[in-house]
Amino acid sequence: MLPNLTPDVDLAAELFAGLRAGSTDGEGVTREAYGPGERMAHALVRAAADRIGLESTVDVAGNLYMTLPGADRAAKRVILGSHLDSVRQGGNYDGAAGVLAGMAAVAGMKRAGFVPGRDITVMAIRAEEAGAWFPVSYPGSRMALGLFKADGLEIRRQDSGRMLADHMRDEGFDPDAVARGEHAIGPHNVAAYLELHIEQGPVLDAERIPVGIVTGIPGSRRLRQARVVGEYNHSGGTPRKYRRDAAAALAELAHRMDEEWVRLETMGHVLVCTFCTMATTEEAGFTKIAGEATFQLDVRSVSPHACDMMFEALHRFMTEIEARRGVRFERGPETGSRASPMDAAVREGLARAARDLGIPCREMASGGGHDAAAFAEARIPAGMLFVRNQNGSHNPKEDMRMEDFAAASAVVQRWAAEAGL
């Protein structure tokens, strides 16, 4: 029988305020990966862990582990984690909510004198927001799990142009140890991983449900350096039939891909398709037909088949547009990630915890990628919990209500207490 546990939401509120104060950039917050903003956040959270009596350690990649000791110190631990870095001019809750929910959960256990059967560790993970800083997926968690390839350390941060390894050394960490494969956690010492995160879309808010249990994290197929090559010419003197208009060709491609998305959705396929950037080059200008245009494409789904169908359509549309408009598409290198279903037993445990607490919830797929995918890849039972959030994510207007955070943290705490027995 579990004691009457409640998360320490006051502690979390204090830490949210400290994070905002320490990383405000005017309108939003910026906590750069392996930089001053992330450093500040880790120091703030570690100081709180020391204050409430948790055991804190840091691995060779800079990931922070704050542990409430269990009765059996040799048993595999339960990890509650997320990241503390942010995108540029982002919101204060993306990532941080997961770390602070873990802190609230274990602080509440500590306050109640509850000793779990096994260690429960709150993990603050490095550099999850790879798209904003380093173009590589989940470097912090994958380094912690021994999944990170050594050549990834040579990837350059997008603002500084310096290598990931250089930024790690600047922060006092050891990329050479990462290259040798040294890592702190894996299936040998972790029983399960749970990540709370704000929902990055409007579903929970629209349906007036505070908590979502994530069924899976989508895989993706992506083009980051694609372009259309046509021919520059005079906008007034060139009749339509003589044009090789790269901008018009790209606009047609985007429209046709959007129509294909609608078609697949009517067939029951769940996916998203985003032209993240579409631009003409510096040579373009008023009175010119665009001779070149660039774009980035991001297709995501929990179903690899859905991603594949969209890319089959992409290739077909490109060929047809090339033949009709006299342009050439260059796709550039393709990147992506595999879909990661969340562990069925963890999902059931979260549903049971929510039921026992009388907290409404629903199952839903994640739209974005998260560190939980790396844990699933490492064959560690992984789960995710979404908390209702207003105004989306990756923007300064994130507006999670603390009462929703308290409800989600209570589910995290109850699940962790049961998983820790």
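See the structure above.
Small disclaimer: the values here were computed from a predicted structure and weren't measured. (Residues numbered from 1 in each chain as written. Predicted model: local features only at pLDDT ≥ 70, side-chain atom pairs only at ≥ 80, totals over all residues. Heavy atoms only, no water.)

Here the second largest pocket is characterised by a volume of approximately 190 Å³. Every residue lining the second largest pocket is listed: R240, K241, R243, D245, A248, R324 and R325. Broken down by class, the residue content of the lining of the second largest pocket amounts to 1 nonpolar, no polar and 6 charged. (1 Å grid on protein atoms, 1.4 Å probe; cavity = no way out; pocket = protein on both sides within 12 Å on 5 of 7 lines; lining within 4 Å. Points joined across faces, edges and corners; volume = space filled by probe spheres on them. Nonpolar A, V, L, I, M, F, W, Y, C, P; charged D, E, K, R; others polar.)

Relative to the helices and strands, A251 is located in helix α8 (residues 246-266). Judged by relative accessible area, A251 falls into the partly exposed class, the value being 41%. Once the C-alpha coordinates of A251 and A293 are considered, the two residues, 42 residues apart in sequence, prove to be 10.0 Å apart. (Helix = DSSP H or I, 4+ residues; strand = E, 2+ residues; numbered from the N terminus. Buried < 20%, exposed > 50% of the residue type's maximum accessible area, 1.4 Å probe, protein only.)

Let us now look at the nonpolar core. Membership of the largest hydrophobic core comes to 60 residues, with the highest contact counts inside it found for M66 and W415. The contact partners of M66, leaving out residues within four places of it in the chain, are V45, R46, A49, L54, E55, S56, V99, M103, I120, T121, V122 and A124. Listed in part, the 29 residues of the second largest apolar core include A254, A293, M309 and F329. (Core = buried A, V, L, I, M, F, W, Y, C linked by side-chain atoms within 4.5 Å. Contact = heavy atoms within 4.5 Å.)

Across the sheet, which stays open at both edges, the 8 strands sit in the order β1-β2-β4-β3-β5-β17-β6-β16 with mixed pairing between neighbours. Looking at strand neighbours, the two that pair on one side only are β1 (55-58) and β16 (361-364), the edges of this open sheet. The average undirected angle you get between the axes of adjacent strands in this sheet is 25°. Pairing of strand β5 (residues 190-198) with strand β17 (residues 382-387) involves 6 bridges; the strand directions are parallel. From the neighbouring strand, H197 faces β17, where its bridge partner is F386. Relative to the sheet, helix α2 (residues 36-52) contacts β1, β2 (64-68) and β4 (120-125), its axis offset from that of β2 by approximately 15°. (Pairing = 2+ DSSP bridges. Axes fitted to C-alpha atoms, helices over the stretch in contact; angles between N-to-C directions.)

With that settled, the discussion passes to the packing of helix α3 (residues 96-112) against helix α12 (residues 402-419). One way to put it is that α3 packs onto α12 with a least axis distance of 9 Å and a crossing angle of 60°. If you check the angle between α3 and α12, you find them oblique. The handedness of the crossing between α3 and α12 is right-handed. Seen from α3, the contacting residues are A97, L100, A101, A104, A105, G108 and M109; seen from α12, they are F405, S409, V412, Q413, A416 and A417. (Parallel < 35°, antiparallel > 145°, perpendicular 65-115°, else oblique. Left-handed = near helix turned anticlockwise from the far one by under 90°.)

It is worth spelling out empty space enclosed by the protein at this point. Summary: where empty space remains is shown by rolling a probe the size of a single water molecule over the atoms. Throughout the structure, instances matching the rule amount to 1 cavity of 30 Å³ or more. Its boundaries defined by the atoms lining it, the largest cavity holds a volume of some 30 Å³. Looking at the largest cavity, the residues that line it are L80, G81, G98, G102, L194, E195, L196 and V412. Elements supplying a minimum of two residues to the lining of the largest cavity: β3 (77-83), α3 and β5. In terms of residue class, the lining of the largest cavity is built from 4 nonpolar, 3 polar and 1 charged.

Extensive coverage of β2 is indicated by the burial of 5 of its 5 residues. Residues L64, M66 and L68 of β2 are buried on one face, and the alternating residues Y65 and T67, pointing to the opposite face, are buried as well. Inspection of the sheet shows β1 paired to β2 by 4 bridges, in the antiparallel sense. Across the sheet, residue S56 finds its bridge partner in β2, namely M66. Turn length for the β1-β2 hairpin, with the two strands adjacent in sequence and antiparallel, is 5 residues, and the turn residue G62 shows positive phi of about 95°. As judged from the 5 bridges shared by β2 and β4, these two strands associate in the antiparallel manner. Considered in β4, the bridge of Y65 is made with M123.

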